[in-house]
Amino acid sequence: MGYKIDFNESIPDMINRLKQEHVEFGLTLNNITKYNDENNINEAIETIHGMSELIIKHVVEEEARIMRIIMHNAKEESADSIKIMQEHNWVVDFLKHKLQNMGDEIHQRDKHLQQELEQEQEIRRQIREFITNLRNHFLEEQIIFPLALKTYSS
Ligand SMILES: [Fe+2]
Ligand SMILES: [Fe+2]
């Protein structure tokens, strides 16, 4: 993944920043939960999309720097950390693939709804046109009936 990692940032500084990012991600997740509960799927997807670059960068930094330190300095205690780092697989898979598919499906559905709306409007237009024309036709026939009556009586 082509994310530039700042190897000059000290490990304590980086850990503080990553912790701060967890807090900020948490706030954004609250918003996404709210949008999702309100059935505002577009906004939920849009918001996840908006945070995905930062999460992926965060994940890469954890693996490239934090895990490296652990593997070098605390390998015998690294089992749990390795397991937790493997969770990055579903995080990144969701952000890179599933989210895109969800977005495409929603887009397709919106397009479909738009088409249905247009079809419905066209049908309503045709019904209005039929009613107008039929009313007009009845008006036009007002000259036929007197003519027929006149012809019949003479
Ligand atoms: Fe993290
Ligand atoms: Fe992580």
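Residues numbered from 1 in each chain as written. Chains lettered and ligands numbered in written order. Predicted model: local features only at pLDDT ≥ 70, side-chain atom pairs only at ≥ 80, totals over all residues.

Draft legend 1. The overall build of the protein chain, seen in detail. Scanning the protein chain from terminus to terminus reveals 5 helices and 0 strands. Its helices and strands in sequence order give the protein chain the pattern α-α-α-α-α, from N to C terminus. By its C-alpha atoms, the protein chain is 120 × 25 × 20 Å across when sized along the principal axes. For the protein chain, with 154 residues in total, the buried portion stands at 2%. Long-range pairs, those at least 24 residues apart, make up 69% of the contacts in the protein chain between residues at least 6 apart in sequence. (Helix = DSSP H or I, 4+ residues; strand = E, 2+ residues; numbered from the N terminus. Buried ≥ 20, exposed ≤ 12 C-beta atoms within 10 Å, placed from the backbone. Contact = placed C-beta atoms within 7 Å.)

Draft legend 2. Inspection of the packing of helix α2 (residues 41–73) against helix α4 (residues 88–140) at higher detail. Viewed as axis vectors pointing N to C, α2 and α4 meet at an angle of 155°, and their least axial separation amounts to 10 Å. Taken together, the axes of α2 and α4 are roughly antiparallel relative to one another. Considering how the two elements wind past one another, α2 and α4 form a crossing that is left-handed. Side by side, α2 and α4 meet where Ile-41, Asn-42, Ile-45, Ile-48, His-49, Ser-52, Ile-55, Ile-56, Val-59 and Glu-63 of the first sit next to His-88, Val-91, Val-92, Leu-95, Leu-99, Met-102, Gly-103 and Ile-106 of the second. (Axes fitted to C-alpha atoms, helices over the stretch in contact; angles between N-to-C directions. Parallel < 35°, antiparallel > 145°, perpendicular 65-115°, else oblique. Left-handed = near helix turned anticlockwise from the far one by under 90°.)

Draft legend 3. Region of the structure containing α4. Between its terminal C-alpha atoms α4 stretches 76 Å, which fits the 78 Å expected from 53 residues at 1.5 Å a residue. Helix geometry: α4 is bent most strongly at Phe-94, by close to 45°. Summarising burial for α4: 0 of the 53 residues are buried, a small minority. (Expected span 1.5 Å × (residues − 1). Bend = angle between axes of the 7 residues up to and from the residue.)

Draft legend 4. Focus on the packing of helix α1 (residues 11–37) against α2. Packing of α1 against α2 leaves a shortest axis separation of 10 Å and a crossing angle of 155°. Between α1 and α2, the interaxial angle falls into the category roughly antiparallel. By crossing handedness, the relation of α1 to α2 is classed as left-handed. Contacts from Ile-11, Met-14, Leu-18, Glu-21, Phe-25, Thr-28, Asn-31, Ile-32, Tyr-35 and Asn-36 of α1 reach α2 at Glu-43, Ala-44, Thr-47, Ile-48, Met-51, Ile-55, His-58, Glu-61, Glu-62, Arg-65 and Ile-69. Counted by class, the contact of α1 with α2 contains 11 nonpolar, 5 polar and 5 charged residues. (Nonpolar A, V, L, I, M, F, W, Y, C, P; charged D, E, K, R; others polar.)

Draft legend 5. Seen up close, the environment of Trp-90. On the secondary structure map, Trp-90 appears in helix α4. Residue classification places Trp-90 among the exposed positions, given that 10 C-beta atoms sit within 10 Å. Trp-90 sits 54 residues away from Asn-36 along the chain, and the two C-alpha atoms are 20 Å apart.

Draft legend 6. Quick peek at unusual backbone geometry. Phi at Asn-39 is positive, roughly 65°, even though this residue is not glycine. Relative to the helices and strands, Asn-39 is located in the loop between α1 and α2. For Asn-39, a count of 9 C-beta atoms within 10 Å gives the class exposed.

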